[in-house]
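What follows is the residue order along each chain.
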Amino acid sequence: DYTVLKDAHFGARGIPQSQTEAVLEEWAGELGTDIRRGWEFRALEQDDDGVSVAVAGPGGEHRLRAQFLVGADGGQSTVRAAAGFAFPGTSATRGMYLADVVGCQVKPRPLGERLPGGMVMAAPLAEGIDRIIVCEHGAPPA
Ligand SMILES: Cc1cc2nc3c(=O)[nH]c(=O)nc-3n(C[C@H](O)[C@H](O)[C@H](O)COP(=O)(O)OP(=O)(O)OC[C@H]3O[C@@H](n4cnc5c(N)ncnc54)[C@H](O)[C@@H]3O)c2cc1C
């Protein structure tokens, strides 16, 4: 809630992704959520009582059973395709890359430049850590 801040909001938006994820993961844990990293959704089968899901986990392939499956797996959602939902939007035409990098001496700080081939931005996040964002014109998303 940015309204609790009395000054400019940039500092709040500049929190490293890893820190935001840690806060959200702790909260989800308090709510009883079982977060499993390194597991990949592969396929689903639906019936009247629920859904069976094939996943690849650390120990190989597994099957999970649940009443519902919610796909929150991004723009190229495998869950959406497996469930047979149409994609009525338009496909992405431009890819952007973001990395939080240690040991990069970016000058000036922050940096933002539009160039004939694209654009680059870099901003300090914390001591020794810079966020670098790059966009290359004409390079479709991978
Ligand atoms: C450089 C950059 C800058 C951006 N800046 C902004 C901004 O300033 N403001 C803004 O609003 N948006 C911004 N966006 C867009 C924003 O990041 C996305 O719209 C948002 O992250 C989409 O969230 P999501 O949860 O739908 O998907 P994602 O964040 O893509 O999350 C999907 C997750 O599902 C996982 N996954 C994928 N497939 C599987 C599978 N088969 N099994 C298990 N897990 C799977 C992925 O590993 C990922 O963790 C930016 C994006 C980029 C790349």
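For every chain, the first residue of its written sequence is number 1, and the numbers climb from 1 along that sequence. Whole-chain, interface and lining totals are the exception, using all residues; otherwise, since this is a predicted model, local features are given only for residues with pLDDT of at least 70 and side-chain atom pairs are given and counted only at 80 or more. Side-chain measures were taken over the full set of non-hydrogen atoms in the model, leaving aside hydrogen atoms and water.

A.B. asks: Lay out the overall build of the protein in plain terms, naming residues and giving numbers.
C.D. replies: Helix and strand assignments follow DSSP, with helices taken as H or I runs no shorter than four residues and strands as E runs no shorter than two, numbered in order from the N terminus. Along the backbone of the protein there are three helices and seven strands. Along its sequence from the N terminus, the protein presents helices and strands in the succession α-α-β-β-β-α-β-β-β-β. In this treatment the radius of gyration is a C-alpha quantity, and the globule benchmark scales as 2.2 Å times the residue count to the 0.38 power. What you see for the protein is a C-alpha radius of gyration of 20 Å, clearly larger than the 14 Å of a compact globule of 142 residues, by over 25%. Projecting the C-alpha coordinates of the protein onto the three principal axes gives extents of approximately 60 × 40 × 35 Å. Buried, partly exposed and exposed residues are distinguished by accessible area as a fraction of the type maximum, computed with a 1.4 Å probe on protein chains only: under 20%, between the cut-offs, and over 50%, respectively. When each of the 142 residues of the protein is scored for burial, the buried share is 20%. When the accessible surface of the protein is summed, it comes to about 11,100 Å², and 56% of that surface belongs to carbon and sulfur atoms. Computed with a 1.4 Å probe, the accessible areas rest on the Shrake-Rupley method; for each residue, only the protein chains presented here act as cover.

A.B. asks: Report on the layout of surface pockets, specifying residues and quantitative values.
C.D. replies: Lining residues are defined by having an atom within 4 Å of a point belonging to a cavity or pocket. Those points lie on a 1 Å grid over the protein atoms alone, cavities being sets where a 1.4 Å probe fits but cannot get out and pockets being open sets with protein on both sides within 12 Å along at least five of seven lines. Grid points are joined across faces, edges and corners, and a volume is the space filled by probe spheres set on the points. The volume enclosed by the largest pocket comes to roughly 720 Å³. If you trace the largest pocket, you find 24 residues lining it, with Asp34, Arg36, Trp39, Leu69 and Val70 closest to the centre. Of the residues belonging to the lining of the largest pocket, the class tally is 15 nonpolar, two polar and seven charged. Estimates place the volume of the second largest pocket at around 260 Å³. Of the residues forming the lining of the second largest pocket, the biggest block, three residues, is contributed by helix H3 (residues 78–83). Residue composition of the lining of the second largest pocket, by class: seven nonpolar, six polar and two charged. Throughout this entry, Asp, Glu, Lys and Arg are counted as charged residues, while Ala, Val, Leu, Ile, Met, Phe, Trp, Tyr, Cys and Pro are counted as nonpolar. The remaining residues, Gly among them, count as polar.

A.B. asks: Summarise the site of the ligand; cite the residues concerned and give the values.
C.D. replies: Note on terminology: near, applied to a residue and a molecule or strand, indicates that one of the residue's heavy atoms is within 4 Å of it. Every residue near the ligand is listed here: Trp39, Glu40, Phe41, Ala72, Asp73, Gly74, Thr78, Met96, Leu98 and Ile133. Separating a nitrogen atom of the ligand from a backbone N or O atom of phenylalanine 41 is a distance of 2.8 Å. When the free accessible area of the ligand is taken as 1,000 Å², the share hidden by the protein chains comes to 32%. Listing elements by their share of the shell around the ligand, those giving two or more residues are strand S1 (40–47) and strand S4 (96–102). Partitioning the shell around the ligand into residue classes produces six nonpolar, two polar and two charged. Reported domain spans reflect what an automatic or database domain assignment gives. Each of domain 2 (38–89) and domain 3 (96–136) contributes no fewer than three residues to the shell around the ligand. Polar contact criterion, stated in full: a pair of N or O atoms within 3.5 Å, where within protein one must be able to donate a hydrogen and the other to accept it, and residues adjacent in sequence count only if both atoms are side-chain atoms.

A.B. asks: Explain the packing of aromatic side chains residue by residue, including any values.
C.D. replies: Aromatic pairing here means that ring centres of Phe, Tyr or Trp (its six-membered ring) are within 6.5 Å. Orientation follows from the plane angle: under 30 degrees is stacked, over 60 is edge-to-face, and everything else is tilted. By the definition in use, this model includes zero aromatic pairs. A ring has a charge above it when a Lys NZ or an Arg CZ is no more than 6 Å from the ring centre and no more than 35 degrees off the ring normal. A cation over an aromatic ring shows up here: arginine 36 above the ring of tryptophan 39, its NZ or CZ 5.0 Å from the ring centre.

A.B. asks: Please give an account of the nonpolar core that cites residues and values.
C.D. replies: Counting residues in each nonpolar core, the largest one holds six residues, listed as Phe41, Leu44, Val51, Val53, Val55 and Val79. At the level of secondary structure, the elements contributing two or more residues to this core comprise S1 and strand S2 (50–57). Here, residues are in contact when the closest pair of their heavy atoms is within 4.5 Å. When sequence neighbours within four positions are dropped, the list of residues in contact with valine 51 reads Leu44, Glu45, Gln46, Leu64, Arg65, Ala66, Gln67, Phe68 and Leu69. Here, nonpolar core refers to any group of buried Ala, Val, Leu, Ile, Met, Phe, Trp, Tyr and Cys residues whose side-chain atoms link them within 4.5 Å.

A.B. asks: An account of the sheet that holds S1 is requested, with residue identities and associated values reported.
C.D. replies: At least two DSSP bridges between two strands are required for those strands to pair. Strand order in the open sheet formed by three strands is S1-S2-S3, with antiparallel pairing between adjacent strands. Edge positions in the sheet fall to S1 and strand S3 (60–66), since each of these pairs with one other strand and no more. Adjacent strand axes in the sheet meet at a mean angle of 20° when their direction is disregarded. Here seven bridges tie S1 to S2, and the two strands are oriented antiparallel to one another. Each bridged residue has a counterpart across the sheet, and for glutamine 46 the counterpart in S2 is valine 51. With axes taken as lines fitted to C-alpha atoms, and helix axes fitted only over the stretch in contact, angles between N-to-C directions fall between 0 and 180 degrees.

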